[in-house]
Amino acid sequence: MISLKHVSKIYPPNVVGVEAISLHIKPGEFVSIVGQSGTGKSTLAKLLFAEERPTRGTIEIGGWDITNIRDHEVPLLRRQIGVVFQDFKLLQKKTVYENIAFALQVSGTPAKRIRDVVPLVLNIVNLSDKTDRYPGQLSGGEAQRVAIARSLVHQPKVLVADEPTGNLDTLNAGEILDLLKKINEFGTTVVLVTHDRDIVNRLKRRVITLDGGKIVSDVEEGRYRL
Amino acid sequence: MFLISSYRVGKFALQNFWRNFWLSVITITMLMLTLLTVNIIVVLNYVTDRAIQAVEDRVEVSVYFYATSPQTAVDNAVAYLRSISQVRNVQVITADEALTQFKDRHAGDEVITKSLEEIGNNPFGPSLVVKAKQVSDFDLILEALENPQFRDQIREKDFSNYQDIVARIKDTTQRIRMFGLALSGVFLFIAILIVFNTVRMSLFIHREEIGIMKLVGASNGFVRSPFLLEMILLSLVALVATLAIVYPSLAALEPKFGYYFGGETIGLIDYFEKNGWEIFGLQFVGLAALTLISTGLAMRKYLKV
Ligand SMILES: Nc1ncnc2c1ncn2[C@@H]1O[C@H](COP(=O)(O)OP(=O)(O)O)[C@@H](O)[C@H]1O
Ligand SMILES: [Mg+2]
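Notes on the structure follow.

Quick notes on the rules
Residues numbered from 1 in each chain as written. Chains lettered and ligands numbered in written order. Predicted model: local features only at pLDDT ≥ 70, side-chain atom pairs only at ≥ 80, totals over all residues. Heavy atoms only, no water. Patch = residues over 30% accessible without salt bridge, like charges linked within 9 Å, V, L, I, M, F, W, Y side chains within 5 Å. Areas by Shrake-Rupley, 256 points an atom, 1.4 Å probe, with all protein chains shown as cover. Salt bridge = Lys/Arg side-chain N within 4 Å of Asp/Glu carboxyl O. Helix = DSSP H or I, 4+ residues; strand = E, 2+ residues; numbered from the N terminus. Buried < 20%, exposed > 50% of the residue type's maximum accessible area, 1.4 Å probe, protein only. Expected span 1.5 Å × (residues − 1). Contact = heavy atoms within 4.5 Å. Polar contact = N/O pair within 3.5 Å; in protein donor to acceptor, adjacent residues only side chain to side chain. Buried area = accessible area lost by both parts, 1.4 Å probe.

### Quick word on a nonpolar patch on the surface
All names here are of chain B. Residues L14, W18, F21 and W22 make up a contiguous nonpolar surface patch of about 500 Å² in total accessible area. Contributions of two or more residues to the nonpolar patch are made by α1 (2–19) and α2 (21–58). For L14, the position within the fold is in helix α1. Owing to a relative accessible area of 43%, L14 belongs among the partly exposed residues under this scheme.

What follows is the structure, given as structure tokens:
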């Protein structure tokens, strides 16, 4: 599903984001990327959804070489990769429903399909009763579930979550994790960036550890070491 | 797909317009000022054209023949003058007509009537009124009258030289026109800067929304179109507002100009109504092109894709 070969990202003038990363993620896998702050986890995530281009190496997603993806092709990639962030990135002036519908509107989805899809994804994240709330009226966990619902509207093959539980307490974090597992069980490949020890240990899935922009360990059914 | 997108893009554009209300107002005002100066130039061009035409209409040479001149000399002169392409019109006033006109003019004056009776026959000769097409053709016509075929039969040539007046009108209007062009150039430049800044602010205000749009896979066109459309909208509003100022002004100016042109209408409103689509259509196309270019520049600089 995802394949990186000798990928480096050097930010100008010479800050190392990631260095010589090679990895392969199979369809349907649930992979955690862990490591301390500033070790290149977010950079790796950004390379996956083409917010950054690699300085060296090649990146393939679903057989598509996105190493030098053109600007006008990026939207197509983004419709195949759901993204979730620590800060939710919801529009405060739109309701839960509108925030999710927005993702479909801006990619030219017909109104009828929007009316079908939005309740569907809201149901997956268990927020069908809060459609008319504004983000300000939601708990952190609920806001993140809205963001996850939004990332699902295009039925992505891959979900990239960069510290989705970073702003949440243990209970809410656990809920989000369960949700990600559920999405993974539906067949979506999940890449979870985190530095939350508990979460990783609970998952018992593949763990890739970064340090100084390099992969220092990659183990199936791993635990958070460091 | 295209229709859905157009509708949504339109909606976003309208939202932008209202959310940055004051920014929109300032932009529209500047665009309006630019359009107004352009329209002042258009009016000026038209009025001076009419002024020069009015003067040229009056440019004429009166040619008086002797009462004793043979009719053939007069006919020759008429035929010759009419063959000159610069001559617009030759009006012939026969000796009898001249006498009648004279009598009419002095109908109440006993002395003159008496002395005419004493003379017995018609003391007037025939005369011609020659009109030129342009003031500059004036010299050529005077020269033509030196033709030996009839030169000696001409008693007097009477003309007023309007060439200086026309030259002065042309000179003055040329200067006003240059000033107007320079002014609209300056306004245009300011307008471009303001549009650029409006788009920059707009992008800044919507940076979060734009960022999210991109993350969820909005096409670049979809991200850009609302801003382009918003600027077209502003151009359109500026044009309509300009029209709302220009038409009443024309209506107020028309009689004033008429006064200078001896009471007759100069057809200013007529001119704008007949050519309105062209005049304002061109202005809109030009304005829209300029705002789009400066929007494009702002987006290229401030909208990272
Ligand atoms: N846009 C950027 N420009 C320059 N340097 C950056 C940029 N983004 C990240 N970096 C640098 O790259 C390194 C890795 O950052 P990041 O991938 O955000 O790490 P993490 O997500 O693991 O905390 C850090 O040294 C960071 O300062
Ligand atoms: Mg990070």
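### With respect to helix α6 (residues 170–185) of chain A
Residues and elements named next belong to chain A. Between its terminal C-alpha atoms α6 stretches 22 Å, which fits the 22 Å expected from 16 residues at 1.5 Å a residue. When we look at burial in α6, the residues that qualify are N172, A173, G174, I176, L177, L179, L180, I183 and N184. Tucked inside the fold, the buried residues of α6 contact β3 (30–34), α4 (111–124), α5 (140–151), β7 (158–162), β8 (189–193) and α7 (197–203). Note on α6: the residue one or two positions beyond its end, G187, has a positive phi of about 115°.

### Brief notes about the pattern of salt bridges
Taken as a whole, this structure holds 15 salt bridges over all chains when the rule is applied. Across the pair E146 of chain B and K157 of chain B runs a salt bridge, and its minimum N-O distance is 2.5 Å. Remark: K157 of chain B occurs in strand β4 (residues 154–159) and E146 of chain B occurs in the loop between α6 (138–144) and β4; sequence separation between them is 11 residues. For K157 of chain B, a relative accessible area of 30% corresponds to the partly exposed category. Within this structure, E29, R206 and D218 of chain A form a network of salt bridges that share partners.

### Remarks on the side chain of S69 of chain B
All names here are of chain B. Mapped onto the fold, S69 is located in the loop between β1 (60–65) and α3 (71–83). Taking the relative accessible area as the measure of exposure, S69 reaches 10% and is therefore buried. A polar side-chain atom of S69 sits 3.2 Å from the main-chain carbonyl oxygen of Q153.

### Considerations on the interface of chain B and chain A
Taken together, the 19 residues of chain B in the interface contact 25 residues of chain A. When chain B packs against chain A, the two sides together hide about 1900 Å² of surface, and 61% of this comes from carbon and sulfur. On the chain B side of the interface with chain A, the three residues burying the most area are R8, L215 and V216 of chain B, jointly 34% of the side's total. Where chain B packs against chain A, one counts zero salt bridges. For the interface between chain B and chain A, the tally reads three residue pairs in polar contact (both at pLDDT 80 or more). Residue assignment for the side of chain B that touches chain A shows that the elements contributing at least two residues are α1, α8 (207–215) and α9 (220–260) of chain B.

Coordinates in, geometry out; function isn't part of it.
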